[in-house]
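# Tertiary structure, described
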Amino acid sequence: MDVIRLLAIRDTPLSVDEVLAAVGDHAAGGTTLFVGTVREQDHGKPVTRLSYSAHPTAEAELRAVADKIAADFPLTALAAVHRVGDLELGDIAVIVAVAAPHRDEAFQASRRLIDDLKAQVPIWKHQEFADGATEWVGAGE
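In this report, the structure presented in the accompanying data block is examined. Keep in mind it's a predicted model, so treat the numbers as computed, not measured.

## Side note on the side chain of D42
With respect to the secondary-structure elements, D42 resides in strand β3 (residues 41–42). With relative accessibility at 10%, the residue D42 sits in the buried group. In terms of polar contacts, D42 uses its side chain to reach the side chain of R39, at 2.8 Å. Within the structure, the side chain of D42 is placed 2.6 Å from the side chain of Q127, a separation counted as a polar contact. Sequence-distant contacts of D42, defined by excluding residues within four places in its chain, comprise V47, K125, Q127, F129 and E135.

## Notes on the environment of V3
Position of V3 relative to the elements: it lies in the segment before β1 (4–10). Distance in space between the C-alpha atoms of V3 and V98 is 9.3 Å, their sequence separation being 95 residues. When neighbours within four sequence positions are excluded, V3 is seen to be in contact with A70, L75, T76, A77 and L78.

## Some points on the environment of H82
Mapped onto the elements of the fold, H82 is located in strand β5 (residues 77–83). Taking the C-alpha atoms as reference points, H82 and D2, 80 residues apart in sequence, are found 20 Å from one another. Not counting residues within four places of it along the chain, the set of residues in contact with H82 comprises A8, I9, R10, L14, Y52, A93, V94, L117 and I123. In this structure the side chain of H82 is engaged in a polar contact, spanning 3.3 Å, whose partner is the backbone oxygen of A93.

## A word on the pattern of salt bridges
Inspection of every chain in the model, using the stated rule, returns 13 salt bridges. For D67, the salt bridge goes to R63, with nearest N and O atoms at 3.8 Å. Of the two residues, D67 and R63 are both situated in helix α2 (residues 58–72); the distance of four residues between them amounts to about one turn of the helix. A salt bridge links R111 to D115, with the nearest nitrogen and oxygen atoms 2.9 Å apart. Of this pair, R111 and D115 both sit in helix α3 (residues 103–120), separated by four residues, roughly a single helical turn. Judged by its relative accessible area of 37%, D115 falls in the partly exposed class. Salt bridges linked by common partners bring K68, D72, R112 and D116 together as one network.

## Structural notes on α3
Relative to the 26 Å expected for 18 residues at 1.5 Å per residue, α3 spans 25 Å between its end C-alpha atoms, a close match to the ideal helical length. By the burial criterion, the buried members of α3 are A106, A109, S110, L113, I114, D116 and L117. Angularly, the buried residues of α3 cover 170° about the axis, an arc narrow enough to put them on a single face. Summarising the geometry of α3, the exposed residues directed more than 90 degrees from the buried face are F107 and R111.

About the cut-offs
Residues numbered from 1 in each chain as written. Predicted model: local features only at pLDDT ≥ 70, side-chain atom pairs only at ≥ 80, totals over all residues. Heavy atoms only, no water. Helix = DSSP H or I, 4+ residues; strand = E, 2+ residues; numbered from the N terminus. Buried < 20%, exposed > 50% of the residue type's maximum accessible area, 1.4 Å probe, protein only. Polar contact = N/O pair within 3.5 Å; in protein donor to acceptor, adjacent residues only side chain to side chain. Contact = heavy atoms within 4.5 Å. Salt bridge = Lys/Arg side-chain N within 4 Å of Asp/Glu carboxyl O. Expected span 1.5 Å × (residues − 1). Arc of directions from axis to C-beta.

Okay, here's the thing in structure tokens:
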């Protein structure tokens, strides 16, 4: 069975339960989960609105990131999903999870997965602040 169990970019709410179920594996001694949510402030300024956009190649780039992580670590399972569209405060924007035989491998791979996803997958965040300012943040931020 493929180590990469779930990869998606969606315009619908994300499910922690779905991601955890995707990486469930009896060979794993450790499973890590990271959930990124929309926060109420950034740079010390209140955020009033946030949306994510993805380039048409984003899913292929997400696959390339996942393939590299799977090649670099002895994982039993990996999953990553990112949301696009308009999100509200507290909404889940991204979930990554990995399962590995040992906890250290799971922690290291999970950290690399979210960091590489944020740096390499062409997904852009547009946020609006209470003072009327706006900001675009994207891959390689």
